[in-house]
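# Understanding the architecture of this molecule
So you can see what is in the structure, the chains are spelled out below.
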Amino acid sequence: MVDIYSFCKKKLLWIIFIFFLGGCATVPKKIIWQDATEVAMNSFKLKTGDIIVKNKLWNEPISWGGHCGVMINNFEIGDYPKIGINFYSLPSYDWLMERGRKVVVLRYDKFNDKFKKYFEKNAIEYSKGTYLLTLNKFSTNHFYCSKYVWFLYYKTGQDMGYNLNIDSDGGYMIFPYDFLNSRELHQVLI
């Protein structure tokens, strides 16, 4: 029988751990947050590989570590949203329609047709994992939102013969806000 007290205590410790590691990340001053519904209305401008980072909501502890998704093709955002829900994809418009939410759209400068081919293949291949917060960035069985995004870029770079790391701080875990400071990505205003 599962000890409920021990189970809840472990979950609370994970939330505190995530808050202190990722929740305190700073946002660079050059970032401009856009209204999510406005970006949704212009979602036809989004491209495969675009990373969408949502702002943190202080009244929702689950968002304190941040949240993100990635355009897995020109129409859908792929995401590992939370514990109990594995990978899913939604039309970008639906994923973005969240009143009061702000987002940042990031794009990789070297995203060409060859990169896109490998990226789309990897997006499908690594959508079969399960949701798990893990310190192993290289595990291909378990993902969370930002690890999935990071791994797609890392693996696609490997497939093309070079090292690509879009994690700005190189920590054990990848948080959505880590992408905001990445030298490999730039903001796109939609």
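Structure first, text after, so check above.
Overview of the structure. Please read all numbers here as calculations on a predicted model, not as lab measurements. Residue positions are given per chain, counting from 1 as you read along its sequence in written order. With the structure being a predicted model, the display of local features is reserved for residues of pLDDT at least 70 and the display and counting of side-chain atom pairs for 80 or more, all residues being used for whole-chain, interface and lining totals. Here the side-chain values reflect all heavy atoms present in the structure, with hydrogen atoms and water set aside.

### A word on the overall build of the protein
Where we set the bar: Strands here mean DSSP runs of E at least two residues long; helices mean DSSP runs of H or I at least four residues long; both are numbered from the N terminus. Accessibility here uses a 1.4 Å probe with only protein chains present; expressed as a share of the type maximum, an area under 20% marks a residue as buried, one over 50% as exposed, and anything in between as partly exposed. Throughout, a contact is declared for two residues whenever any of their heavy atoms are within 4.5 Å. Per-residue accessibility takes into account occlusion by the displayed protein chains alone, with areas from the Shrake-Rupley method and a 1.4 Å probe.
Counting its regular elements, the protein contains five helices and nine strands. Along the protein, helices (α) and strands (β) appear in the sequence α-β-α-β-β-β-β-α-β-α-β-β-α-β when read from the amino end. Here the protein, with 190 residues, has 47% of them falling under the buried criterion. Sequence-distant contacts, at least 24 apart, represent 67% of the contacts inside the protein between residues at least 6 apart. Counting every atom, the protein has about 10,300 Å² of accessible surface; 58% of that belongs to carbon and sulfur.

### Considering the nonpolar core
The tendency in soluble globular proteins is for nonpolar side chains to be buried side by side. Heads up, the rule is: Residues grouped as a nonpolar core are buried Ala, Val, Leu, Ile, Met, Phe, Trp, Tyr and Cys residues, joined through side-chain atoms within 4.5 Å.
By size, the foremost hydrophobic cluster in this structure holds 35 residues, and its most contacted members are I51, Y148, Y153, I166 and F179. Contributing elements (two or more residues each) for this core: β2 (51-54), β3 (67-71), β6 (102-108), α4 (113-125) and α5 (145-159). If one sorts the elements of this core by residue count, α5 sits on top with seven residues. Once you skip the residues sitting within four places of it in the chain, I166 turns out to touch I51, V149, W150, Y153, D178, F179, S182, E184 and L185. Within the second largest apolar cluster, 13 residues are counted, among which are A36, I77, W95 and L96.

### Focus: the packing of aromatic side chains
For clarity, the cut-off: The rule is short: rings of Phe, Tyr and Trp, with Trp giving its six-membered ring, pair when the centres are within 6.5 Å, and they are stacked under 30 degrees, edge-to-face over 60, tilted in between.
Counting across every chain of the model gives 22 aromatic pairs. Aromatic side chains W33 and Y177 sit 5.8 Å apart centroid to centroid with 40 degrees between the ring planes, which places their arrangement in the tilted category. A residue pair is termed long-range when its members are at least 10 positions apart, and W33 in the loop between α1 (4-22) and β1 (34-35) and Y177 in the loop between α5 and β9 (185-188) qualify at 144 residues. The exposure class assigned to W33 is partly exposed, which follows from its relative accessible area of 26%.

### Regarding the pattern of salt bridges
Rules: By convention in these notes, a salt bridge is any Lys or Arg side-chain nitrogen within 4 Å of a carboxyl oxygen on Asp or Glu.
The final tally for this structure, using the stated rule, is seven salt bridges. We note a salt bridge from K54 to E98, for which the minimum N-O separation is 2.8 Å. In this pair, K54 sits in strand β2 while E98 sits in the loop between α3 (92-96) and β6, placing the two residues 44 residues apart along the sequence. Among the residues examined, E98 registers a relative accessible area of 26% and is labelled partly exposed. Residue K137 is joined to D167 by a salt bridge in which the shortest nitrogen-to-oxygen separation is 3.6 Å. Of this pair, K137 sits in the loop between β7 (130-131) and β8 (142-143) while D167 sits in the loop between α5 and β9, and the two are 30 residues apart along the sequence. A relative accessible area of 12% means that K137 is categorised as buried. Among the residues examined, D167 registers a relative accessible area of 5% and is labelled buried.

### Notes on the packing of α4 against α5
As a reminder of what qualifies: Axes here refer to lines fitted to C-alpha atoms; in helices the fit is confined to the stretch in contact. Angles between the N-to-C directions go from 0 to 180 degrees. An angle counts as roughly parallel when it lies under 35 degrees, as roughly antiparallel when it exceeds 145, as roughly perpendicular when it falls between 65 and 115, and as oblique in every other case. For a crossing to be left-handed, the near helix must be turned anticlockwise from the far one by less than a right angle; the clockwise case is right-handed. In this count, Pro and Cys sit with the nonpolar residues alongside Ala, Val, Leu, Ile, Met, Phe, Trp and Tyr, while Asp, Glu, Lys and Arg are called charged and the others, Gly among them, polar.
Two elements in contact, α4 and α5, have axes whose closest approach is 9 Å; the angle formed by their N-to-C orientations is 130 degrees. By the angle between their directions, the pair α4 and α5 is classed as oblique. Read as a crossing pair, α4 and α5 show a hand that is right-handed. Residues F115, Y118, F119, K121, N122 and A123 of α4 touch α5, and the partners they reach there are Y148, L152, Y153, K155, T156, G157 and D159. When the residues that make up the contact of α4 with α5 are grouped by side-chain class, the tally is seven nonpolar, three polar and three charged.

### A closer look at the side chain of D167
Note the threshold: Counted as a polar contact is a pair of N or O atoms within 3.5 Å, where, for protein atoms, one must be capable of donating a hydrogen and the other of accepting one, and residues adjacent in sequence contribute only when both atoms are in side chains.
There is a polar contact of 3.4 Å between the side chain of D167 and the backbone nitrogen of D169. A distance of 3.5 Å separates a polar side-chain atom of D167 from the backbone nitrogen of G171.

### Focus: a nonpolar patch on the surface
Defined as follows: Only residues whose relative accessible area exceeds 30% and that form no salt bridge are eligible for patches; like-charged ones are grouped when within 9 Å, while nonpolar side chains (Val, Leu, Ile, Met, Phe, Trp, Tyr) are grouped when within 5 Å.
Side chains of M41, Y93 and M97 sit close together on the surface and give an oily, nonpolar patch of about 290 Å² of accessible area. If you trace the backbone, M41 turns up in helix α2 (residues 36-41).

### Some remarks on α4
Here is the rule: Expected helix span is taken as 1.5 Å per residue step, with the number of steps being one fewer than the number of residues. This arc is built from the directions going out from the helix axis to the C-beta atoms.
Compared with an ideal rise of 1.5 Å per residue, which puts 13 residues at 18 Å, α4 spans 19 Å between its outermost C-alpha atoms and is within 8% of the ideal. All buried positions along α4 are accounted for by F115, F119, N122 and A123. Seen from one end, α4 has its buried residues packed into an arc of 105 degrees, which puts them on one side. Projecting away from the buried face of α4 at angles above 90 degrees are the exposed residues D113, K117 and I124. Contacts made by the buried residues of α4 are with β3, β6 and α5. Sitting at the head of α4, N112 places a side-chain oxygen 3.2 Å from the backbone nitrogen of K114.

Everything listed here is a matter of geometry and, on its own, says nothing about what the molecule does.
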